[in-house]
2 protein chains.
Amino acid sequence: MEKIKITFPDGNGKEFESGVTALQIAQSISHRLADDALAAEINGEVKELSSPITGDSSIKFYTFEDKQGKEVYWHSTSHLMAHAILSLYPEAKFGVGPAIENGFYYDIDINEQLSEETLAVIENKMLEIAKEDAPFVRCELSKSDAVKLFTEKKDNYKLEIIDGLNEEAEKISIYKEGNFTDLCVGPHLPSTGKIKFIKLLTVSGSYWRGDEKNKQLQRIYGISFPKKKLLEDYLTMLEEAKKRDHRKLGKQLDLFSLHDEAGAGLVYWHPKGARVRVEIEDFWRKAHLDNGYEILYTPHMGKSWLWETSGHLGFYKDSMYAGMKVDDLDYYIKPMNCPFHIMIYESQLRSYRDLPLRWAELGTVYRYEKSGVLHGLLRVRGFTQDDAHIFCTPEQMEDEIIEVVRFAQYMWTSFGFEKLTYYVSTKPAKAVGENVVVGDDLMWDKATSYLKSALEKMNLAYEIDEGGGAFYGPKIDIKINDALGREWQMSTIQFDFNLPERFNMSYIGEDGKEHRPYMVHRALLGSLERFFGVLIEHYGGAFPLWLAPVQVAVIPVSQNFVEYSKEVAAALKKAGLRVELDERNEKIGYKIRDWETQKAPYMLILGEKEKTAGNITVRQHKIGDVGSMDLKEFIDKLTLEIRDKTIIK
Amino acid sequence: MEKIKITFPDGNGKEFESGVTALQIAQSISHRLADDALAAEINGEVKELSSPITGDSSIKFYTFEDKQGKEVYWHSTSHLMAHAILSLYPEAKFGVGPAIENGFYYDIDINEQLSEETLAVIENKMLEIAKEDAPFVRCELSKSDAVKLFTEKKDNYKLEIIDGLNEEAEKISIYKEGNFTDLCVGPHLPSTGKIKFIKLLTVSGSYWRGDEKNKQLQRIYGISFPKKKLLEDYLTMLEEAKKRDHRKLGKQLDLFSLHDEAGAGLVYWHPKGARVRVEIEDFWRKAHLDNGYEILYTPHMGKSWLWETSGHLGFYKDSMYAGMKVDDLDYYIKPMNCPFHIMIYESQLRSYRDLPLRWAELGTVYRYEKSGVLHGLLRVRGFTQDDAHIFCTPEQMEDEIIEVVRFAQYMWTSFGFEKLTYYVSTKPAKAVGENVVVGDDLMWDKATSYLKSALEKMNLAYEIDEGGGAFYGPKIDIKINDALGREWQMSTIQFDFNLPERFNMSYIGEDGKEHRPYMVHRALLGSLERFFGVLIEHYGGAFPLWLAPVQVAVIPVSQNFVEYSKEVAAALKKAGLRVELDERNEKIGYKIRDWETQKAPYMLILGEKEKTAGNITVRQHKIGDVGSMDLKEFIDKLTLEIRDKTIIK
């Protein structure tokens, strides 16, 4: 039999017989690997372990530790769920059932309204089927055979999907496990038995293909794990996340509100939320000025000329608020700040001596999002970007990128986020949606190499998102991890080859000739609204002292000590602290509990003892009573804590 | 003959024969008064000096010192101008010709395009006619006679005005002086001879009745004075104002720009202008937090429900940016912040214990203004109000008003404006435009008395603008005087009886019952854009140190001292100062002149002498060389100057 050479990620190679499966290769290495492996990447493509390999190939195994492994695991679990549902509801029809960031979902069309109880029944059925350990078997059909199969199954949704597939391009694949068949490109787990622990989480309405004109299906979200501990940890995390839900805390701490009747997805910052925002903005502005940025303020709307020139009316119109007429001309609310910054750049002749220009704006933009996807502060229609644009020469570019990454690290550390992950997105194929990719290969290569080499010089590991750039340039995305280990895409650093061309931007070089400047968009926090949402959940509403809307609650033990409390409160205010004096004629226990709920970092409990000694008794949030203290000592302690942006864990 | 009693402003009275004229009364007092008097207020109404008085009356004389005197003077001069034009251009037709804040204008329809030269010819003709000293004679006609008269004169514009007058209400008055007749309600000067010194200033296009669909007339602006010195001072002031024009300085100092092609009346703040704005905003926010305000942030748009509830779609729609559809519903850009603040008020049950609430927002609003009236930063379509709303109980109201006035004084003093003038505007008749006045007399009386008594308790003189309140409540307006003595209407404190009703706002009183809170709108600076325009002109672009975008320019005498200059600049930056190092390889004289033009408060000139001595030589704007100084001494001096917001005069 013919021999083929298999190369492993460490560069070592080994010979196998042609037709060997990835699973067999894994078994040849160790039982453990064969057990843990969920899929394999063969020559750069994720495949089933059962795929036969017939030529020299590179191989990499994926386990549940890997993103790719999880994806296969959860996607296979969605099939298993459909299988279970079909056996419980034989009339069920199915939409789509992908893996998502955490788990999977499947859209189902059945007449019965599913409840938490029915989810438990489905879950049990899934475990029962999983125990049968049926293999996932891939078959490839012609389009006409596929149509025939799903017509027999009366599965209109799948037929609609098949109808949209290109017959010429490839065979249509279906997967079977046991007596269940589904249209799917795969790949899948070797068998259902790999799926050990399952939790179906929620069920909600979802329009077929996201279109409100279509039928509403029921979408079941679930997750699964190979180990019990992993499921338990995940459920604990979910419980904790529920407690920290920024919408719940936003109400409890009186931070913000949204009002559908006055416009969905538009955020109202209440005094306490706005107090945090003022601190964030002050810090942000000072940091930007200290780091060589200049601040701009630009309007929230612009005439069609601006958006035609920028191209937004071509590639972004669906997300823009349109319809306004001023002096019989079309005006649009801005979805982005860039064209306005370019107008300022263009307001005078620029020389290489003026570059780099680093222009930042807390610019509030409005983008249309379908009402169904709006979610608290995390997905809104109006938000304030912490936007900046850098205009520079090619020679300055790499240093600028390094500085932006360093600045992002500084910002995130200041807000208490330690773990950052970096992604470089490279040139897309020919188009992104309807937008043709702009810029020649040379520009893309150069820009992408600036991005990579900046990260490399900083010794930062990064992942490549091949072809994931915008149509106008490559980018670095930075994700942060929150206190619950959840990942959030926040900072972005994007090249733009499009706007400088469209606005015919230039600077006079040292050679006296006109040159096109490089342009980079960057946002560090992303948007203040979404950032605030993440911040609330990260801290569970117990903000570090420097951000807390009320830093110290001064609580007299009884009405006899209101006067003394007033003196103390006044001294704290004079020291620049944000203080509330709780004069309510309530029991001390009640007041302490109330301020605990309000998550005030410090409470001062003042009674006879304190008044006599002329000192204070301090309770610290999460820690409790920390004893008596001199007022000056307390002020010094807090001043330091604010200066250092200390986080109490 | 019958005797009547005339009472003077000092309370003294005197008897005259019935039918006596105001002029005769003035003559009976002194020749000087008879000479200076331009008009008289008889029983509260401004009348000509020649009006016969036939009953007991109070009288007050107005001279050119008084606003009312100036108004009569200038209005009469506009008649004189029309007279002169008619004698030069017999075919001329006339629109309207009122007195304005400074001088007067008249809209003229003639075929010839007027130039500066022709203005001088008209001016001379006016002086020639004035010398004839013809009296202004009032005649009253029936409407039909008036129509007949102006039909003979073929004066279509006046006929259109007459057509709009109410025949029943009163006789139509015309004024004659010499052979010139004009439709006019008066009052006028005794005779043209009172008009001594005249300057016709500009001529510009103006649509009849401000409507672009009508014919464009030529509007001549002019001014006149009884004394030569007054005219000279005024022309000097105009020259100075031209030099300080914020549009010119805005360009010269690179502070801001407007771009008609991207939308007229929308301001782009460049880095240097924005640097000043950051300082203004930081100061404003800190001052508000220190003065018991809380900060809010609210969206820039709202759904029609909000504007229907607030009533803006009724009484303000023409000024609102409309046409946007979101999810098939009408959205509007906000022209005011109030409904958003009320939404936050309404987001929870409020108790008397929560009041007063003082909520401030730097809220950017957009209002439609005709393109013809837009003017630099002073009249724009998008602007950021320094808005606040106070919600309180009736008992708290007066103290709140006092605090707002005191706060306004503090703000204006901080920015270097010393002279404030106060106006109380009282209940309008029944409607303001199409808006029926809301609130009963009791509410108006109470609120107006709070406003008056607040000013009185503060020992502040104020003028009453009778019937000048908004339809929703009485108000205090505060005008400031700038360095050229010009008056600007800036701060406003307005009661609102309308919105609390419309939104059905309430709080639970001490009695456990629901009460309607008082609501006050207030803006101190007015809008940041207009305030910045006034600020630029007030300082002629030479901002006080704490506001200056660049505080210190560090200038090496030659390239040999760049290194030393870098050290100095770094030390200043470390001390928190805004520094620019001028490394340009240019002559020192050129660089100093350039920084003079940029109006940098301080320049440091660094050469051999300074490097050797390790010190600095300081040039101060407006003052020049102030000698050598130790760097630390200089930093201390500037730190103090910033802290104290010192103004160098």
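So, how was this worked out
Residues numbered from 1 in each chain as written. Chains lettered and ligands numbered in written order. Predicted model: local features only at pLDDT ≥ 70, side-chain atom pairs only at ≥ 80, totals over all residues. Heavy atoms only, no water. Least-squares fit on C-alpha atoms with pLDDT ≥ 70 in both. Contact = heavy atoms within 4.5 Å. Helix = DSSP H or I, 4+ residues; strand = E, 2+ residues; numbered from the N terminus. Polar contact = N/O pair within 3.5 Å; in protein donor to acceptor, adjacent residues only side chain to side chain. Pairing = 2+ DSSP bridges. Axes fitted to C-alpha atoms, helices over the stretch in contact; angles between N-to-C directions. Core = buried A, V, L, I, M, F, W, Y, C linked by side-chain atoms within 4.5 Å. Buried < 20%, exposed > 50% of the residue type's maximum accessible area, 1.4 Å probe, protein only. Parallel < 35°, antiparallel > 145°, perpendicular 65-115°, else oblique. Left-handed = near helix turned anticlockwise from the far one by under 90°.

Draft legend 1. Representation of the relation of the copies chain B and chain A. Once chain B has been moved 0.0 Å along the axis and rotated by 180°, it coincides with chain A to within an RMSD of 0.2 Å. The operation mapping one copy onto its partner corresponds to a two-fold rotation axis. Mapped onto chain A, 100% of the interface residues of chain B are again interface residues, and the two copies thus contact each other with one and the same surface.

Draft legend 2. The side chain of Ser527 of chain A, seen in detail. Residues and elements named next belong to chain A. Structurally, the position occupied by Ser527 is in strand E32 (residues 518–527). Of note is the side chain of Ser527, whose polar atom sits 3.1 Å from the backbone nitrogen of Arg530. Ser527 has contacts with Phe383, Thr384 and Gln385, leaving out every residue within four places of it along the chain.

Draft legend 3. The arrangement of the sheet that holds strand E37 (residues 624–629) of chain B in detail. Residue and element names in this part refer to chain B. Taken together, the five strands give an open sheet; going across it, the order is E34-E33-E35-E36-E37, and neighbouring strands pair in mixed fashion. Among the strands making up the open sheet, the edge pair consists of strand E34 (579–581) and E37. Strand-to-strand twist in this sheet, taken as the mean axis angle between neighbours without regard to direction, amounts to 25°. Strand direction decides the pairing type here: strand E33 (residues 552–556) and strand E35 (residues 602–606), joined by five bridges, are parallel. Bridge assignment links Ile555 to a residue of E35, and that residue is Ile605. Relative to E33, helix H17 (residues 562–574) is tilted by about 165°, and along the sheet it contacts E33, E34, E35 and strand E36 (616–620).

Draft legend 4. Local environment of the nonpolar core. In this structure, Phe415 of chain A together with Phe415 of chain B are the most contacted members of the largest nonpolar core, which totals 175 residues. Not counting the four nearest positions on each side in its chain, Phe415 of chain B is found in contact with Ile280, Phe283, Leu525, Phe531, Leu535, Tyr539, Trp546 and Leu547 of chain B. With 41 residues, the next largest nonpolar core counts Phe64, Val72, Tyr175 and Leu200 of chain B among its residues.

Draft legend 5. Representation of the packing of helix H9 (residues 271–290) of chain B against helix H13 (residues 394–414) of chain B in the model. Residue and element names in this part refer to chain B. Viewed as axis vectors pointing N to C, H9 and H13 meet at an angle of 150°, and their least axial separation amounts to 12 Å. The orientation of H9 relative to H13 falls into the category roughly antiparallel. In terms of crossing hand, the pair formed by H9 and H13 is right-handed. Mapping the contact onto sequence places Phe283, Trp284, Ala287 and His288 in H9 and Phe407, Tyr410, Met411 and Ser414 in H13.

Draft legend 6. Representation of unusual backbone geometry. Residue and element names in this part refer to chain A. For the peptide bond that leads from Gly186 to Pro187, omega is -5°, which places it in the cis range. Looking at the secondary structure, you find Pro187 in the loop between strand E13 (180–183) and strand E14 (197–207). Along the chain, Leu355 connects to Pro356 via a cis peptide bond; the corresponding omega equals -5°. Locating Pro356 in the fold gives a position in the loop between helix H12 (338–345) and strand E22 (357–366).

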